[in-house]
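Listed below are the residues making up each chain.
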Amino acid sequence: MRIGLAGVGRIGAFHARTLVGLDFVDELVVTDTNVEAARALAEEFGMEVAADSEALLASGVDGFVIATATPGHAPLLWQGIAAGVPTFCEKPVAATLEETIALTGLVAATGVPVHVGFQRRFDAGYQRARRAVESGELGFIHTIRANTHDQSPPHASYIPTSGGIFRDCNVHDFDILRFVTGQEVVSVYATGANKGAAFFSEAGDVDTGAALLTLDDGTIVVVSSTRYNGGGHDVRMEVFGEKGTIAVGLDHSLAMGSAEEGVDFPRGPRKWSFMERFLPAYQAELTAFADVARGERPSPCTVRDALEAFRVAEACELSRTERRPVVLSEIKGV
């Protein structure tokens, strides 16, 4: 297959390196507004370089991967859909709720396959948790704890356009919560705080967040996030049920130590970035996208899925700023 990739920044370069190692990729064409960065990456891996996204889409690609900064996602997704090219888009598909709703309608109207990059759906641990819930192995589920704790903060320039900690960071938790439970969030109460660098508060954001969610079956969910988990990158989910409990991310890479004497868990080594934590999942999701592009399976994570996760993030941000509970019916949807 001939795959086009827009964006060669941190996640784009990571996807490029992943794609060139996958059997289904025969040719990879890259483009970026930073022409020198695109050329350097192309020379390193023997890729083609397109002058811009229009040229890339016109070059006969079988699939289009969008991995630019967030403001570029929606315009490029519109281009991919208009060209009729199956498209993989990193989250979020758009920077605003209104754009996301519009894209949801566009995809429904055109039928062009779009796969959104919520890679946790392809992580073996989360898939095992989903099977445990679906099968009834845990009995009824009453409580879930989910966290996304980054080892260190991103560059200050990233935060003003990130959308805030709930839209940028916890949106992964909101999506995987829907995936694992099959339920929808009906209400949220969220808060946040800053104890780190000033650039978070200067951008109207927080470096640590938490939210209490209620699902439509009554399950209670506690979600947390931080940009300052110095002990390592820590992404987990704990699912508590009537008959048992299962945890995702509870292995020897766990970014914490025990206060109990004689306990040697975890033994390490720890993970230090989301790319390290989810490398197999990233490989699996791009392999799945190839199946989508060939018409062999429907999108495993649609723009409508992305919209529902975004609505929860929007509700959390509204709750944080207005310091009140928010029901999801307050947040526009389709």
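Reading the values: rules and limits
Numbers given to residues run from 1 along each chain, matching the order in which its sequence is written. Thresholds applied to this predicted model are a pLDDT of at least 70 for local features of residues and 80 or more for the giving and counting of side-chain atom pairs; totals over whole chains, interfaces and linings are not thresholded and use all residues. Excluding hydrogens and water, the side-chain figures rest on all heavy atoms present in the structure. UniProt positions are given in the numbering used here, feature names are shortened, and annotations may be inferred rather than shown by experiment. Think of it this way: DSSP has to see at least two bridges between two strands before they count as a pair. Under the scheme used here, helices are H or I runs from DSSP no shorter than 4 residues and strands are E runs no shorter than 2 residues, and both carry numbers assigned from the N terminus. Cysteine sulfur atoms are paired as a disulfide whenever they come within 2.5 Å of each other. Contacts are assigned to residue pairs with any non-hydrogen atoms lying within 4.5 Å of each other. All axes here are fitted lines through C-alpha atoms, helices being fitted over the stretch that makes contact, and every angle between N-to-C directions spans 0 to 180 degrees. For every domain, the bounds stem from an assignment made automatically or drawn from a database. Accessible area that two parts lose when put together, evaluated with a 1.4 Å probe and summed over both, is termed the buried area. Counted as salt bridges are all cases of a side-chain nitrogen of Lys or Arg within 4 Å of a carboxyl oxygen of Asp or Glu. Polar contact is defined as a pair of N or O atoms within 3.5 Å, subject to the rule that within protein one atom must be able to donate a hydrogen and the other to accept it, and that residues adjacent in sequence are counted only when both atoms are side-chain atoms. Following the grouping adopted for this structure description, the nonpolar residues are Ala, Val, Leu, Ile, Met, Phe, Trp, Tyr, Cys and Pro, the charged ones are Asp, Glu, Lys and Arg, and the polar ones are all others, Gly among them. When a residue's accessible area, from a 1.4 Å probe over protein chains only, is under 20% of the maximum for its type it is buried; when over 50% it is exposed; and in between it is partly exposed.

- Naming follows an unreviewed UniProt entry, where the protein chain appears as Myo-inositol 2-dehydrogenase / D-chiro-inositol 1-dehydrogenase of Micromonospora inositola.
- We quote the UniProt Sequence similarities (unreviewed entry) comment for the protein chain here in full: "Belongs to the Gfo/Idh/MocA family."

## Digging into the sheet that holds strand β5 (residues 87–90)
At step 1: Overall, parallel pairing links the 6 strands, which are arranged β3-β2-β1-β4-β5-β6 in an open sheet. Looking at which strands have only one partner, the edges of the open sheet turn out to be β3 (48–49) and β6 (114–117).
At step 2: Alignment of strand β4 (residues 63–66) against β5, held across 3 bridges, turns out to be parallel. Among the inter-strand pairings, Phe64 is bridged to a residue of β5, identified as Thr87.

## Looking at the state of the cysteines
Simply put, the disulfide is a covalent bond whose two ends are the sulfur atoms of two cysteines.
At step 1: One pass over the structure, following the stated rule, counts 0 disulfides.
At step 2: No disulfide involves Cys301; its sulfur sits 11 Å from the nearest other cysteine sulfur, which is in Cys89.
At step 3: Here Cys316 stays free of any disulfide, with the sulfur of Cys169 as its closest cysteine sulfur at 12 Å.

## Looking at the sheet that holds strand β13 (residues 326–327)
At step 1: Reading across from one edge, β12-β11-β7-β10-β9-β8-β13 is the order of the 7 strands in this open sheet, with mixed pairing throughout. Two strands close off the open sheet at either side, each with one partner strand: β12 (245–248) and β13.
At step 2: The sheet contacts of helix α6 (residues 124–135) involve β7 (141–149), β11 (234–241) and β12, and relative to β12 the element is tilted by about 160 degrees.
At step 3: Helix α8 (residues 171–181) rests against β7, β8 (185–193), β9 (208–215), β10 (220–226) and β11 of the sheet, and its axis sits at about 150 degrees to β7.

## What to know about the domain arrangement of the protein chain
At step 1: Domains assigned within the protein chain are domain 1 (2–112) and domain 2 (121–273 + 308–330).
At step 2: The partner domain 2 presents 8 residues to the 9 residues of domain 1 that form the contact.
At step 3: Between domain 1 and domain 2, the buried area comes to about 630 Å², and carbon and sulfur atoms account for 65% of it.
At step 4: Counting the surface domain 1 buries against domain 2, the share from its top three residues, Thr70, Lys91 and Leu97, is 64%.
At step 5: Joining domain 1 to domain 2, the criterion identifies 1 salt bridge.
At step 6: At the boundary of domain 1 and domain 2, one finds 1 residue pair in polar contact (both at pLDDT 80 or more).
At step 7: Partitioned by chemical class, the residues of the side of domain 1 that touches domain 2 number 5 nonpolar, 3 polar and 1 charged.

## A word on the pairing of β12
At step 1: The alternating pattern of β12 places Ile246 and Val248 on a buried face, while none of Thr245 and Ala247, on the opposite face, is buried.
At step 2: The sheet contact formed by β11 and β12 spans 4 bridges and is antiparallel. Each bridged residue has a counterpart across the sheet, and for Phe240 the counterpart in β12 is Thr245.
At step 3: Connecting the antiparallel pair β11 and β12 is a turn made up of 3 residues.

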